[in-house]
Amino acid sequence: MEHRDRPGLRGTRGGGGGPPPRGVVAAASYEARVFGIRSAMPSTEALARCPHAQFLRGDMKKYGREARRLRVLFEELSPDVEPISLDEAFIDVTACLRVLGGTPREIAERLKRRVFAETALRVSVGVGPTKMVAKIASDLSKPDGLLVVEPDEVPAFLSPLPIGRLWGVGPVTEAALRRRGLATIGDLARLAAGAVPPELESLRRLARGED
């Protein structure tokens, strides 16, 4: 969004958040992420990784306004919209496919074109039979991408991904799973029911695409 509103920033290594010495990165451009800069990283560490990084002051009023514009465009596709952040949402088009016309891929392409035409923002879209698969597909297609995972492709799509991609797997859980020899989602998915402690059963089902 800042690249849209400040064309001179395009191609630069930018981050939003508080500047050093006590600031924290709130968001980072894709150019900055190449250097390992990420959200929640102390600004001092970000500058150490990329001394030429620029810190911009955020404008939450603008971000909220653009989020509302996006929400309107999402709801033109389907009334079943579940926001998960200012700039992300799940859109269930299952019940609307006949009315909308076209395949899920065509509908996603239409959404990307409409968002750009109305807001000049480029968005990434992931399409899948479950929310987790769609979210991972969206993450993997950034920036400005589109990735469709068909229902019969879910096992092959999830299997090689790092175990940390699963919902609910943070650093502590990931370390515990790796100690068990489970490095990928497929490693966990291949375990039989009852082969993991009860508290990990929900993760095993997610690994199998059962969301």
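Our subject in this report is the structure included herewith. (Residues numbered from 1 in each chain as written. Predicted model: local features only at pLDDT ≥ 70, side-chain atom pairs only at ≥ 80, totals over all residues. Heavy atoms only, no water.)

Quick look at the overall build of the protein chain
Then, in step 1: Scanning the protein chain for helices and strands turns up eleven helices and seven strands.
Then, in step 2: Based on the C-alpha atoms only, the size of the protein chain along its principal axes is roughly 55 × 50 × 25 Å.
Then, in step 3: Among the 211 residues that make up the protein chain, the fraction classed as buried is 36%.
Then, in step 4: For the protein chain, contacts bridging at least 24 residues in sequence account for 38% of all contacts bridging at least 6.
Then, in step 5: Split by element, the accessible area of the protein chain, about 12,300 Å² in all, is 55% carbon and sulfur.
Then, in step 6: For the protein chain, the centre of its 33 positive side-chain charges and the centre of its 27 negative side-chain charges are spaced 6 Å apart. (Helix = DSSP H or I, 4+ residues; strand = E, 2+ residues; numbered from the N terminus. Buried < 20%, exposed > 50% of the residue type's maximum accessible area, 1.4 Å probe, protein only. Contact = heavy atoms within 4.5 Å. Areas by Shrake-Rupley, 256 points an atom, 1.4 Å probe, with all protein chains shown as cover. Lys, Arg positive; Asp, Glu negative; His and termini not counted. Charge placed at Lys NZ, Arg CZ, Asp CG, Glu CD.)

Topic: the pattern of salt bridges
Then, in step 1: For the coordinates displayed, the defined rule picks out 17 salt bridges.
Then, in step 2: A salt bridge links K131 to E82; its shortest N-O distance comes to 3.0 Å. Separated by 49 residues along the polypeptide, K131 in helix α7 (residues 131-140) and E82 in strand β4 (residues 81-85) bring together distant segments of the chain.
Then, in step 3: A salt bridge links R204 to E201; its shortest N-O distance comes to 2.9 Å. With a gap of three residues between them, R204 and E201 both fall in helix α11 (residues 201-207), about one helical turn apart. In terms of burial, R204 and E201 fall into one category: buried. (Salt bridge = Lys/Arg side-chain N within 4 Å of Asp/Glu carboxyl O.)

Describing the side chain of E201
Then, in step 1: On the basis of relative accessible area, E201 is assigned to the buried category, the value being 17%.
Then, in step 2: When near neighbours in sequence (up to four residues on either side) are disregarded, E201 contacts G194 and V196.

Some thoughts on the nonpolar core
Grouped burial of nonpolar side chains is what soluble globular proteins tend to show.
Then, in step 1: Counting 22 residues, the largest nonpolar core has F157, L158, L166 and L188 as its most contacted members.
Then, in step 2: Elements with a minimum of two residues in this core: α7, α8 (154-158), α10 (185-189) and α11.
Then, in step 3: In terms of residue count, α7 provides more of this core than any other element does, four residues in total.
Then, in step 4: Once residues lying within four places of it in the same chain are set aside, the contact partners of L188 are I163, L166, L182, V196, L203, R204 and A207.
Then, in step 5: The next biggest cluster of nonpolar side chains, apart from the first, holds 17 residues, and it includes L70, V93, A108 and V115. (Core = buried A, V, L, I, M, F, W, Y, C linked by side-chain atoms within 4.5 Å.)

Topic: the packing of aromatic side chains
Then, in step 1: Tallied over the full model, the rule gives one aromatic pair.
Then, in step 2: Seen from their ring centres, F90 and W167 are 6.0 Å apart, and the 65° between their planes marks the pair as edge-to-face. With F90 in strand β5 (residues 88-91) and W167 in the loop between α8 and α9 (171-179), this pair connects stretches of sequence that are 77 residues apart.
Then, in step 3: Among the residues examined, F90 registers a relative accessible area of 12% and is labelled buried.
Then, in step 4: What makes W167 partly exposed here is its relative accessible area of 31%.
Then, in step 5: Sitting over the face of the ring of Y30, R33 holds its NZ or CZ atom 4.3 Å from the ring centroid. (Phe/Tyr/Trp six-rings, centres within 6.5 Å; stacked < 30°, edge-to-face > 60°. Lys NZ or Arg CZ within 6 Å of the ring centre and 35° of its normal.)

Details of the pairing of β5
Then, in step 1: As judged from the four bridges shared by β4 and β5, these two strands associate in the antiparallel manner. By the bridge assignment for β5, S85 is matched with E88.
Then, in step 2: Hairpin connection of β4 to β5: two residues between the antiparallel strands. (Pairing = 2+ DSSP bridges.)

Some words on helix α4 (residues 60-77)
Then, in step 1: With 18 residues, α4 should cover 26 Å at 1.5 Å per step; its first-to-last C-alpha distance of 26 Å lies within 8% of that length.
Then, in step 2: Among the residues of α4, K62, G64, E66, A67, L70, L73, F74 and L77 are the ones counted as buried. (Expected span 1.5 Å × (residues − 1).)

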